[in-house]
Amino acid sequence: MSVDADWPLYEVFVRGKRGLNHVHVGSVHAADDRMALRHARDLYTRRNEGVSIWVVPSTAIVASSPDEKDPYFEPSGDKIYRHPTFYEIPDNVPHM
């Protein structure tokens, strides 16, 4: 079976052994979801780097534009209670 450029594009996210979050690692073309998952595994975890893989059709991703950064994120700037400077975090709480 040859790779067809008309196959849908999938974005690939891998969660590493020591990581908490899935990280975007690249993209693959595949005929369906299962094939995308197999291609992602073969391409991005060849050395056992991950414990979990997500594949998402690129058409399903909605993102803001960097050009809209100021007006889009401005409303959160005046909510200072959202910033961790007002909270004491105990030393035994990991990943904060």
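These numbers were taken from a predicted model, which means no experiment stands behind them. (Residues numbered from 1 in each chain as written. Predicted model: local features only at pLDDT ≥ 70, side-chain atom pairs only at ≥ 80, totals over all residues. Heavy atoms only, no water.)

Quick look at the overall build of the chain now. Broken down by element type, the chain carries two helices and three strands. Element order for the chain, N to C, with α for helix and β for strand: β-β-α-β-α. Across the 96 residues that make up the chain, the buried fraction comes to 15%. Restricting the contact set of the chain to residue pairs at least 6 apart, pairs at least 24 apart contribute 43%. Summed over all atoms, the accessible surface of the chain reaches about 8100 Å², with 54% contributed by carbon and sulfur. (Helix = DSSP H or I, 4+ residues; strand = E, 2+ residues; numbered from the N terminus. Buried < 20%, exposed > 50% of the residue type's maximum accessible area, 1.4 Å probe, protein only. Contact = heavy atoms within 4.5 Å. Areas by Shrake-Rupley, 256 points an atom, 1.4 Å probe, with all protein chains shown as cover.)

Soluble, globular proteins show a tendency: their nonpolar side chains are buried together. Ranked by size, the top nonpolar core spans ten residues in total: Trp7, Tyr10, Val12, Val14, Val28, Ala30, Met35, Ala36, Ala40 and Val55. Contributing elements (two or more residues each) for this core: strand S1 (9-16) and helix H1 (33-44). Other than its neighbours up to four places away in sequence, Val14 contacts Asn21, His22, Val23, Val25, Tyr44, Thr45, Gly50, Ser52 and Ile53. (Core = buried A, V, L, I, M, F, W, Y, C linked by side-chain atoms within 4.5 Å.)

Before going further, it helps to examine the pattern of salt bridges. For the structure shown, the criterion picks out one salt bridge. Put simply, Asp42 and Arg41 hold a salt bridge, and the shortest N to O gap is 3.0 Å. Taking relative accessible area as the criterion, Arg41 reaches 42% and is therefore assigned partly exposed. (Salt bridge = Lys/Arg side-chain N within 4 Å of Asp/Glu carboxyl O.)

Looking now at the environment of Ala30. Mapping Ala30 onto the fold places it in the loop between strand S2 (22-29) and H1. Excluding residues that lie within four positions of it along the chain, Ala30 makes contacts with Trp7, Pro8, Tyr10, Met35, Ala36 and His39.

Right, let's talk about the sheet that holds S2 for a bit. Backbone-to-backbone hydrogen bonds join strands into a sheet, with any given pair of strands oriented parallel or antiparallel. Spatially, S2-S1-S3 is the arrangement adopted by the three strands of the open sheet, whose pairing is antiparallel. Looking at the sheet topology across the chains shown, the edges are occupied by S2 and strand S3 (50-57). The mean angle between the axes of side-by-side strands here comes to 25 degrees, regardless of whether they run parallel or antiparallel. Pairing geometry for S1 and S3, over seven bridges, is antiparallel. If you follow Glu11 over to S3, its bridge partner there is Val56. Packed on one face of the sheet, H1 meets S1, S2 and S3 and runs near 115 degrees to S2. (Pairing = 2+ DSSP bridges. Axes fitted to C-alpha atoms, helices over the stretch in contact; angles between N-to-C directions.)

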